[in-house]
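One-letter residues, chain by chain:
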There are 2 protein chains.
Amino acid sequence: MAKTIEQIANDLGLSITTVRLVLNGKAEQYRISVKTQEKISAYVEEYGYIVNHTARSLKLNKTETFGLVIPRLSNPFFSALAELMEIRCREAGYQLMICCTYGDPKYENKLVKSLEERNVDGIFVVSVDAKSQAHHIKHRNKPLVFLDRDFGVKGASCVITDNCESGYQLTSAMLNKVQQPIHFFVGDGGLPTIADRLSGYVRAMTTIGLQEDSAHTSYADHNRTQDGELMMERFIAQHQQYPLNFIASSLPILEGGLSVLRERYGHIPAQINIGTFDEHVMLSFLGNNIWSMRQDEKTLVEQAFLLMSRKVTGHKATERFVAKAELICRLGFDI
Amino acid sequence: MAKTIEQIANDLGLSITTVRLVLNGKAEQYRISVKTQEKISAYVEEYGYIVNHTARSLKLNKTETFGLVIPRLSNPFFSALAELMEIRCREAGYQLMICCTYGDPKYENKLVKSLEERNVDGIFVVSVDAKSQAHHIKHRNKPLVFLDRDFGVKGASCVITDNCESGYQLTSAMLNKVQQPIHFFVGDGGLPTIADRLSGYVRAMTTIGLQEDSAHTSYADHNRTQDGELMMERFIAQHQQYPLNFIASSLPILEGGLSVLRERYGHIPAQINIGTFDEHVMLSFLGNNIWSMRQDEKTLVEQAFLLMSRKVTGHKATERFVAKAELICRLGFDI
DNA sequence: TTGTAAGCGTTATCAA
DNA sequence: TTGATAACGCTTACAA
C-alpha cells in the first residue's frame with residue numbers, strides 16, 4: 001500500500017508524467033486519454049495513493065505549515081488563540097504546528113529553531129521576553145509574527161491588544177460603580193501586557209482623584225496560580241481583611257487569589273467586587289459582581305494571519321496591529 | 001544565510017561527507033582532523049547552519065513527528081491532554097501536530113489522511129464515532145492509537161478512562177451524602193464515555209434501591225453548552241423548580257445548565273449539590289458542594305505514548321489500557 | 001498526449 | 001580520514 005507515482009507508472013506501463021497529471025487533476029488540461037485515466041483511477045481505487053508531502057516540500061521549498069509558539073495550552077486565552085489560529089490556517093490550506101515554551105526562553109529558542117529546521121513557512125510567537133524576540137529576528141530566516149506581547153523590539157511585527165486602554169476601561173467601569181479605591185494584584189509586571197494593564201489602572205485611579213498609592217497594588221514575580229495565592233495571603237496578613245474591591249492582572253492570578261479566600265473563609269465572600277482580564281465562561285460560576293475584559297481573539301488571529309500572508313509573499317515591512325478589548329459585566333448584587 | 005551542507009563543503013573546499021560528519025557530531029568517531037573541524041565550526045559560527053529536516057525525512061522515511069487529532073482545544077480536558085502529550089513527545093524528540101475536528105467525521109478523515117500525507121510517524125486520535133475509527137484502521141498505514149473513546153472497533157488500540165467505574169463512584173459518593181435521588185444530565189449519549197458514565201450512575205442508583213427512572217435523567221443530542229442549557233430549561237419547565245442534586249455528564253453540559261440557573265434566579269442557588277466529570281480549577285468558583293471526577297491525564301498520555309512507541313518499532317498487537325479516575329470533593333455546606 | 005532528465009538536501013554505501 | 005555517488009518521491013522544463 002501507499003504506492004508512489006513511479007510505482008503506479010511502472011505497474012501500469014505508463015510514464016510518471018502521465019500518472020502525475022491525472023493524479024493532480026490535470027487530465028483534462030493535457031487531454032490524457034479517457035482509457036488511461038480510467039486505468040489509473042481503477043488502480044488508485046484498488047491500492048490507494050497518498051501524496052508524499054515531504055518530497056513535495058523538498059522540491060518546492062515550502063511546507064504549507066505554520067508554527068505557533070505559545071507559553072502553554074492550559075491557559076484558556078492561549079488555547080482559544082491556538083484554536084482560532086488552527087482554524088484560520090486550515091482555511092488557507094496550512095497546517096499549524098503548536099508548541100509550548102512553558103515560559104522558558106531557552107525552550108523558546110530551541111522550538112523556534114526547530115520549526116525553522118522543519119522548514120515551516122512562517123512562525124507565530126508569543127514571546128517570553130524581549131531578548132528572545134530580538135534573538136529570533138536576528139537569527140531566523142522565516143517570516144515571524146509576534147502575538148500578544150510587544151516588547152518594543154525593532155523590526156518585530158506585532159499583533160496585540162490595547163491593554164493600556166483595557167486596564168483603564170475596566171478600572172473606570174468598576175470605580176464608577178463602587179466609588180472606592182480598588183486593589184490591583186499584579187502578576188509578572190515585566191510582561192508588556194501586564195505592565196500596560198497596570199498603567200491603565202493607574203490612570204483611571206488618578207483621573208478620579210485617587211492618588212496612585214502603593215497600598216493599592218500587590219506585586220509578584222510571575223503570572224501563575226501560586227503567585228495569586230501569595231499576594232492574596234500577604235494582603236490578608238497585612239490588612240486583617242480580604243480586599244473588598246480588586247482586580248487581578250490575569251486569570252491565573254485570580255484563580256490563586258480566590259482559592260485562598262475559599263480556604264480561609266470556607267467560601268468566596270459574595271460582596272467582593274472583582275475585575276479581571278482574560279474572559280472565561282466559568283467566571284459566571286462566581287456569585288460576585290464581575291467585570292472582565294475579553295480580548296478580541298478573532299481579530300488578533302485574523303490580523304496576525306494577514307500579516308503573515310503578506311510576509312510569506314515577500315513583503316518586508318514591519319507592521320503592528322492593536323486590537324480593542326471588550327468589557328463584560330456580570331452584575332447581580334446591588335452595592 | 002541558512003547554508004546547506006553542500007554549500008559549506010564547496011566554500012571550504014571539503015567534501016560533503018566530511019562536513020556532514022562534523023555537523024552530525026561524528027567527528028571524533030571518524031577522526032576528522034582538528035583543523036578541518038575548526039574550519040567548519042568557524043564557518044558555521046559565521047553563517048549558521050540549519051538542518052533541512054524535510055530532506056532528512058524524505059531520505060529516512062520518518063519525520064519524528066506525531067499527529068494528535070482531538071475534537072477541540074477549547075475543551076479544557078482536551079487541551080490538558082494535548083499539553084501533556086506535547087511535553088511527552090518532545091521529551092522523546094518528537095514534534096506533535098495538533099489538529100481539531102470540531103466533532104465532524106468528514107474533517108476527521110481529512111485530517112488523519114493529511115497527517116499521513118505529511119508522513120507523520122504515528123497518529124493519536126480522539127475519534128468522533130465508530131465509523132471513523134474503523135475507517136482509519138482500514139485505510140491508514142501509520143501506527144494509530146485511539147484516546148479517550150473506545151467504540152469497540154476491532155483492531156483499535158485504545159487508551160481510555162474507566163468511565164463506568166467513574167460514574168458509579170461519583171454517584172455513590174453523592175448519594176452517600178445527599179440520601180436522595182440525583183438527576184443526570186446526559187450530553188451526547190452516543191459517545192462511549194458518556195454512555196459509560198451513565199451506566200455507572202444507573203448502577204449506583206439501583207444499588208441503593210432507587211429504581212432506574214426516566215424522571216431522573218435528561219438527554220440531549222450533543223455535548224455542548226447549548227445542550228446543557230436546553231436540558232436545564234426543560235427540567236425547570238417540567239418541575240417548576242431547579243434540580244436539588246444533579247450530575248452533568250461533562251463540563252460543557254454543566255456550564256450550560258448553570259448559566260440557565262444564573263439567568264433565571266440571578267445566581268446559582270448554593271444548596272444545589274453538583275456532580276460533574278472533567279475536573280477544572282474554576283469549579284471552586286462555585287459556592288456549592290461539588291463532586292467531580294478527575295481523569296488521570298498523565299497516565300492516559302503516558303500509556304498512549306508507550307503504546308505508540310511500541311507500534312512505531314514494529315509491534316502489531318492491538319492493546320487497550322484503562323485508567324482510573326479520581327474523585328475530588330469540594331464540600332462547604334452541611335446538608 | 002506522453003516521456004525523459006535534472007534537481008531539491010540529506011543519508012548510506014563503497015572507494016580511495 | 002576523506003571523497004564520490006546513488007538513492008528518497010516529487011516537480012519543472014523540455015522533448016518527442
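The rules behind each value
Residues numbered from 1 in each chain as written. Chains lettered and ligands numbered in written order. Predicted model: local features only at pLDDT ≥ 70, side-chain atom pairs only at ≥ 80, totals over all residues. Heavy atoms only, no water. Near = heavy atom within 4 Å. Polar contact = N/O pair within 3.5 Å; in protein donor to acceptor, adjacent residues only side chain to side chain. Helix = DSSP H or I, 4+ residues; strand = E, 2+ residues; numbered from the N terminus. Nonpolar A, V, L, I, M, F, W, Y, C, P; charged D, E, K, R; others polar. Domains from an automatic or database assignment. UniProt positions renumbered as here; feature names shortened; annotations may be inferred. Pairing = 2+ DSSP bridges. Axes fitted to C-alpha atoms, helices over the stretch in contact; angles between N-to-C directions.

## A closer look at the protein's contact with DNA strand D
Item 1. Looking at DNA strand D, there are 21 residues lining it, with R20 of chain A together with S15, T17, R31 and I32 of chain B nearest.
Item 2. Atoms of DNA strand D within 4 Å of the protein belong to the sugar or the phosphate in 67% of instances, the rest to bases.
Item 3. Take I5 of chain A: an N or O atom from its main chain is 2.9 Å from a phosphate oxygen of DNA strand D.
Item 4. Between DNA strand D and Y49 of chain A there is a distance of 2.9 Å, counted from a phosphate oxygen to a side-chain nitrogen or oxygen.
Item 5. Of all the secondary-structure elements, those providing two or more residues to the surface near DNA strand D are α4 (53–60) of chain A together with α2 (16–23) and α4 (53–60) of chain B.
Item 6. Residue contributions to the surface near DNA strand D peak at 4 residues, all from α4 of chain A.
Item 7. Considered class by class, the residues forming the surface near DNA strand D number 8 nonpolar, 8 polar and 5 charged.

## A short note on the domain arrangement of chain A
Item 1. When the domains of chain A are assigned, the result is domain 1 (5–51), domain 2 (61–161 + 297–323) and domain 3 (163–295).
Item 2. Between the C-alpha centres of domain 1 of chain A and domain 2 of chain A there is a distance of 39 Å.

## Structural notes on the UniProt feature "domain: HTH lacI-type" (unreviewed entry) in chain A
Item 1. Residues annotated in UniProt with the feature "domain: HTH lacI-type" (unreviewed entry) correspond here to residues 3–60 of chain A.
Item 2. Note that residues 3–60 of chain A is 66% helix and 0% strand, and that its end C-alpha atoms are spaced 21 Å apart.

## Quick look at the sheet that holds strand β8 (residues 245–248) of chain B
Residue and element names in this part refer to chain B.
Item 1. Judged by pairing direction, the sheet is mixed, and its 6 strands sit side by side in the order β7-β6-β8-β9-β10-β12 without closing on themselves. Strands with a single pairing partner mark the edges of an open sheet, and in this sheet they are β7 (217–220) and β12 (326–330). Strand-to-strand twist in this sheet, taken as the mean axis angle between neighbours without regard to direction, amounts to 15°.
Item 2. Relative to strand β10 (residues 289–294), strand β9 (residues 273–277) is paired through 5 bridges, and the arrangement is parallel. Bridge pairing in β10 places N273 opposite N289.

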